[in-house]
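Below, each chain spelled out in residue letters.
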Amino acid sequence: MLAHKRWVLVLVLEFIRIFYCTEASNCSVTATQPPFMEAETSLNSVTIPCNYSSERCGRFAPKILWLRFLAHTHEVLCDPTCTNTTKFKVHPKTSKHENLLEINHLSVGDSAIYVCGIASTHSKAITSKQTGNGTVLVVRDRGITIPLVIISLLILYLIALLAIFMFLSKPKLKPTESGGMKGKHNAGVKESREAVCRAVAKEFLKKKRKQRLAFGNHQKTDKPS
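Now for a look at the structure at hand.

Each value, and the rule that gives it
- Residues numbered from 1 in each chain as written.
- Predicted model: local features only at pLDDT ≥ 70, side-chain atom pairs only at ≥ 80, totals over all residues.
- Heavy atoms only, no water.
- Salt bridge = Lys/Arg side-chain N within 4 Å of Asp/Glu carboxyl O.
- Buried < 20%, exposed > 50% of the residue type's maximum accessible area, 1.4 Å probe, protein only.
- Pairing = 2+ DSSP bridges.
- Helix = DSSP H or I, 4+ residues; strand = E, 2+ residues; numbered from the N terminus.
- Axes fitted to C-alpha atoms, helices over the stretch in contact; angles between N-to-C directions.
- Contact = heavy atoms within 4.5 Å.
- Polar contact = N/O pair within 3.5 Å; in protein donor to acceptor, adjacent residues only side chain to side chain.

What to know about the pattern of salt bridges
If charged atoms from side chains of opposite charge come close, those side chains can pair.
Step number 1: On inspection of all chains with the given rule, the structure shows 6 salt bridges.
Step number 2: Among the salt bridges present, the one from glutamate 55 reaches arginine 56, with a minimum N-O distance of 3.6 Å.
Step number 3: The exposure class assigned to glutamate 55 is partly exposed, which follows from its relative accessible area of 47%.
Step number 4: The partner of glutamate 75 in a salt bridge is arginine 68, with the nearest N and O atoms 2.5 Å apart.
Step number 5: Where salt bridges share partners, they join Arg68, Glu75, Lys87 and Asp110 into one cluster.

Here it is as C-alpha cells:
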C-alpha cells in the first residue's frame, strides 16, 4: 500500500514537471502596438493599447511592463506597478490579452516612444520575453499652434506691405515732366537736323560762287584786246 502511494506521488510529480516545465521551456510570447498615435493637451489623457499572446507558457499570466524612450534617455514607467500612479495607470484585460497604458495630465513633453514588454517569468526560453515595436506618441498643444499660425500670417502681411511701399516709393517722372523731356528731345533732334541742312546749303552756295567767279574770269581772258 505504501509502495502504491509512492508510485502515485511520483506520477503526479512527473505530470507536473511535464505539464509545466516542458511547456514553459517552449514558451513563446508576442506583443503588438500601434506604430503612431497623436493627441492634444486639451484631451488631458490618452490610452496606448498593447495586444499580446502567449503559447506554451503554462498557466501563469505573463508579466507586462511599459517603458518610455525620450530624446536622450529612457525610463521604466510600470513594472508592472507604475512608479508615478498619478501620471500613469495600467488597465490589464487578461481575458482579451490586452494591456492599456493611460497617460494623464498630457503635455508636449510626453511626446516619446512608448514600448510594451511582455515576459513569462516561469520560463527561461529566449522567446518568452519580447517587446513591441513601440508607439510614437506626438502630443500637440493647439493653444500654442494657433497663435504661431496667426503670427506667421501677420509677418507675411507686413512683408507684403513693405514690398508694396518700396514699389510705390520708387522715383517716377510726372506726366508733364516726361512730356516736356520728350518735347525737348524732339526739338533738339529737329534743331540738329536743321543745322546740318544749313551747313550743307552754305557749302553748296560757296562752291557755286567759286564756280561763277572762275567762269567770269575765264571769259575775260578769252576776249580779244
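Moving on from the coordinates now.
Observations concerning the sheet that holds strand β6 (residues 88-93)
Strand pairing in a sheet relies on backbone hydrogen bonds, with the paired strands running either antiparallel or parallel.
Step number 1: The 4 strands are arranged β1-β3-β7-β6 in an open sheet whose pairing can be described as antiparallel. Either end of the sheet is taken by a strand with one partner, and the two such strands are β1 (28-32) and β6. Between one strand and the next, the sheet's axes are offset by a mean angle of 20 degrees, whatever the strand orientation.
Step number 2: Both β6 and strand β7 (residues 98-104) contribute to a ladder of 6 bridges, which runs antiparallel. Among the inter-strand pairings, phenylalanine 88 is bridged to a residue of β7, identified as isoleucine 103.

Observations regarding the pairing of strand β4 (residues 63-69)
Step number 1: Burial analysis of β4 places 5 of its 7 residues in the buried class, which makes it a mostly covered element.
Step number 2: Pairing analysis gives 7 bridges linking β4 to strand β8 (residues 112-119), with the strands arranged antiparallel. Looking across to β8, one finds that leucine 65 is bridged to glycine 117.
Step number 3: Sheet analysis places β4 next to strand β5 (residues 74-78), joined by 4 bridges and oriented antiparallel. Across the sheet, tryptophan 66 pairs through a bridge with cysteine 78, a residue of β5.
Step number 4: What sits between β4 and β5 in their antiparallel hairpin is a turn of 4 residues.

Description of the environment of aspartate 141
Step number 1: Here aspartate 141 is to be found in the loop between β10 (135-140) and α2 (142-168).
Step number 2: C-alpha separation for the pair aspartate 141 and threonine 41, spaced 100 residues apart in sequence, amounts to 5.5 Å.
Step number 3: Discounting chain neighbours no more than four positions away, the residues touching aspartate 141 are Thr41 and Val108.
Step number 4: Within the structure, aspartate 141 has its side chain in polar contact with the side chain of threonine 41 (distance 3.3 Å).

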